[in-house]
Amino acid sequence: MIDTLRLTAEEALGLLERGEVSAADLHGAYTAAAEERNDELHAYLRLVDYDGGAGVPIALKDVISTKGVETTAGSKILAGYTPVFDSTVAARVRAAGLPVIGKTNTDEFAMGSSTENSAYGPSRNPWDPTRVPGGSGGGTSAAVSGGLAPWGLGSDTGGSIKQPSALCGNVGLRPTYGTVSRYGIVAFASSLDQIGPVGKTVRDVALLYSIIAGRDPHDSTTVKMPEHVHLPASETLDGLRIGIPRQMWDLTAIEPGVRASFEAAIETARSLGAEIGECDLPLSFDYGMPCYYLIAPAEASSNLARYDGVRYGPRVDAPTYREMVERTRDAGFGDEPKRRIMLGTYALSAGYYDAYYGQAQRVRTLLIHEHREALEQFDVLATPTSPTVAFPIGDKASDPLAMYACDVMTIPSCLAGLPGLNIPSGLSEGLPVGLQLIGRQFGENTLFRAGHALEQAIGFDGVPERLR
């Protein structure tokens, strides 16, 4: 019997290598788990038949184009769209023999922090199905946490891998911008979007990252990796310097239980030999959110202009072309994409471009320099990943600003293009709390080392209590 709730991807790989199970057995076990629990969790939008791959099965967020498999980005405007090609990351996991279990739910066009903006209904947190799994990658995180997948791929624009991983008790990596190809990914904000791995352990995430990372001739923003990905083994942090932004302590939005879990994790790091100090990120905490919510919607308004009812997706017929486009977009886009398209179009419009989008880009440059200076003093920076634990479904749905604030801790480093790793640091109110580790550009191996050592020392049980 395969225990999909506890089996890590690395352990599954060991079973395959020893011939104790077949890839078809593993795919079948996770498919059966999905058929049993997906009605409750709504982690998957669709399941995929076993394709003959010989490796560990994987879940893919539904913004990742997959040849012959419907890819909707959680939107009605892409309902029925079936790509005729694989995205680069999909091609790489297939080349590695990883059979796809299914396509996971997402906030529409990856716009959201709770997966409630999906046109196909919200996903639910395996720890408490009355609560959100985070977003926009809540489907992938819920699938891994709920035993419906050993690992998966998500996309991260302002925290959409790290934040749901925190709320669901997983490990999640947002890689350095440019280390993973965006070719074939349904675009939200092109200067921010990154594909990254979600898994049960740091070693699982490092292994999956090694499969998808690297230069891609189809994506001119990708780079050659400066060093190979190393699977972490050290359980000490001797000599590692961890910086804590002093501005973080002033945030009243951080729940007491989250703060207590973070402080305990930092003391654990100290006991493992790390040097702990404070750094300054004043601009990041004051201007990170407004900067992001000008740049990301501006890029979204440009990227989503391609959905006009002409080339792909549903079309609402009308007497004229203009009316057809208007009616198609009105019927196809949900409230959140419409909100961001209007905000972004305004920020890019004549007379306002320099005052809003141009100014936000200048602020972004300052945030990059601010992080660079902090990381000259420290090897990694640490904060809570999310200021709260998973909140009830519907709790923030009518208040966009409250929803946007869920990413206050994750956005600044995303704007700076830096890698960030979430690991579970404990529980608050019976729900997972996440610790965010931020590294230098191309500093994933340092994050893996730190995350693995802390993971081993903390000993977090990632199986939701109600499913044990």
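Look a little higher up for the structure.
Peer 1: Would you explain the overall build of the chain in this entry?
Peer 2: Of regular secondary structure, the chain possesses 14 helices and 11 strands. Computed over C-alpha atoms, the radius of gyration of the chain comes to 21 Å, within 12% of the 23 Å expected from 2.2 N^0.38 for 468 residues, which places it in the range of a compact globule. Along the longest, intermediate and shortest principal axes, the C-alpha atoms of the chain span 70 × 55 × 45 Å. Residue burial in the chain is summarised as follows: out of 468 residues, 61% are buried. By sequence separation, contacts in the chain at least 24 residues apart represent 76% of the contacts at least 6 residues apart. Total accessible area on the chain is roughly 17100 Å²; 52% of this is exposed by carbon and sulfur atoms. In the chain, which carries 40 positive and 56 negative side-chain charges, the distance between the mean positions of the two groups comes to 5 Å.

Peer 1: How do you make sense of the nonpolar core when you look at a structure like this?
Peer 2: Judged by nonpolar contacts, the single largest core of 118 residues is most densely connected at Ile58, Ile64, Phe109, Leu153 and Leu237. Tallying contributions element by element places helix α8 (residues 282-303) first for this core, with 10 residues. With near-sequence residues (within four places) excluded, leucine 237 lies in contact with Ala269, Leu272, Gly273, Ala274, Arg449, Ala450, Ala453 and Leu454. Counting residues in each nonpolar core, the second largest holds 7 residues, with Val132, Leu167, Ala390 and Met403 among its members.

Peer 1: What's the story with the pattern of salt bridges in this structure? I'm lost.
Peer 2: Between side chains of opposite charge, a pair can form when the charged atoms approach closely. Under the criterion given, the structure shown has 24 salt bridges. Close ionic contact of arginine 466 with glutamate 40 constitutes a salt bridge, the shortest N to O distance being 2.8 Å. With arginine 466 in the segment after α14 (444-458) and glutamate 40 in helix α2 (residues 23-41), the pair connects residues that are 426 residues apart, well separated along the chain. Aspartate 62 serves as the salt-bridge partner of lysine 103, at 3.2 Å between the closest nitrogen and oxygen. With lysine 103 in strand β3 (residues 100-104) and aspartate 62 in the loop between β2 (58-61) and α3 (88-95), this pair connects stretches of sequence that are 41 residues apart. What makes lysine 103 buried here is its relative accessible area of 0%. Since its relative accessible area comes to 0%, aspartate 62 is described here as buried. Where salt bridges share partners, they join Arg46, Asp62, Glu70 and Lys103 into one cluster.

Peer 1: Would you take a moment to explain the layout of surface pockets for this structure?
Peer 2: Considered as a void within the structure, the largest pocket measures approximately 380 Å³ in volume. Lining the largest pocket we find 19 residues, and of these Lys200, Thr201, Phe460, Asp461 and Gly462 sit closest to its centre. Ranked by the residues each element gives to the lining of the largest pocket, the list is headed by α14, at 3 residues. Across the lining of the largest pocket, the residue classes break down as 5 nonpolar, 9 polar and 5 charged.

Peer 1: Sorry if this is basic, but what is going on with the sheet that holds β3 here?
Peer 2: Strand-to-strand pairing in sheets goes through backbone hydrogen bonds, with the strands running parallel or antiparallel. Read across the open sheet, the 11 strands follow the order β1-β3-β2-β4-β6-β5-β10-β11-β9-β7-β8; overall the sheet is mixed. Each edge of the open sheet carries a strand with a single partner, namely β1 (44-47) and β8 (275-279). Taking each pair of neighbouring strands and ignoring which way they run, the sheet shows an average axis angle of 30 degrees. Two strands pair when backbone bridges link them, and strand β5 (residues 171-174) and strand β10 (residues 420-428) are joined in this way by 3 bridges, in the antiparallel orientation. Across the sheet, residue leucine 173 finds its bridge partner in β10, namely leucine 421.

Peer 1: Teacher, can you tell me more about the packing of α8 against helix α10 (residues 335-348) here?
Peer 2: Pairs of packed helices are described in terms of their axes, by the angle between the two and the distance that separates them. At a minimum axis distance of 7 Å, the contact between α8 and α10 shows a crossing angle of 100 degrees. The angle between the axes of α8 and α10 places the two elements in the roughly perpendicular class. Contacts from Tyr293, Leu294, Pro297, Ala298 and Ser301 in α8 reach Arg340, Ile341, Leu343, Gly344, Thr345, Ala347 and Leu348 in α10. Split into classes, the residues belonging to the contact of α8 with α10 amount to 8 nonpolar, 3 polar and 1 charged.

About the criteria used
Residues numbered from 1 in each chain as written. Predicted model: local features only at pLDDT ≥ 70, side-chain atom pairs only at ≥ 80, totals over all residues. Heavy atoms only, no water. Helix = DSSP H or I, 4+ residues; strand = E, 2+ residues; numbered from the N terminus. Rg over C-alpha atoms; globule rule 2.2 N^0.38 Å. Buried < 20%, exposed > 50% of the residue type's maximum accessible area, 1.4 Å probe, protein only. Contact = heavy atoms within 4.5 Å. Areas by Shrake-Rupley, 256 points an atom, 1.4 Å probe, with all protein chains shown as cover. Lys, Arg positive; Asp, Glu negative; His and termini not counted. Charge placed at Lys NZ, Arg CZ, Asp CG, Glu CD. Core = buried A, V, L, I, M, F, W, Y, C linked by side-chain atoms within 4.5 Å. Salt bridge = Lys/Arg side-chain N within 4 Å of Asp/Glu carboxyl O. 1 Å grid on protein atoms, 1.4 Å probe; cavity = no way out; pocket = protein on both sides within 12 Å on 5 of 7 lines; lining within 4 Å. Points joined across faces, edges and corners; volume = space filled by probe spheres on them. Nonpolar A, V, L, I, M, F, W, Y, C, P; charged D, E, K, R; others polar. Pairing = 2+ DSSP bridges. Axes fitted to C-alpha atoms, helices over the stretch in contact; angles between N-to-C directions. Parallel < 35°, antiparallel > 145°, perpendicular 65-115°, else oblique.

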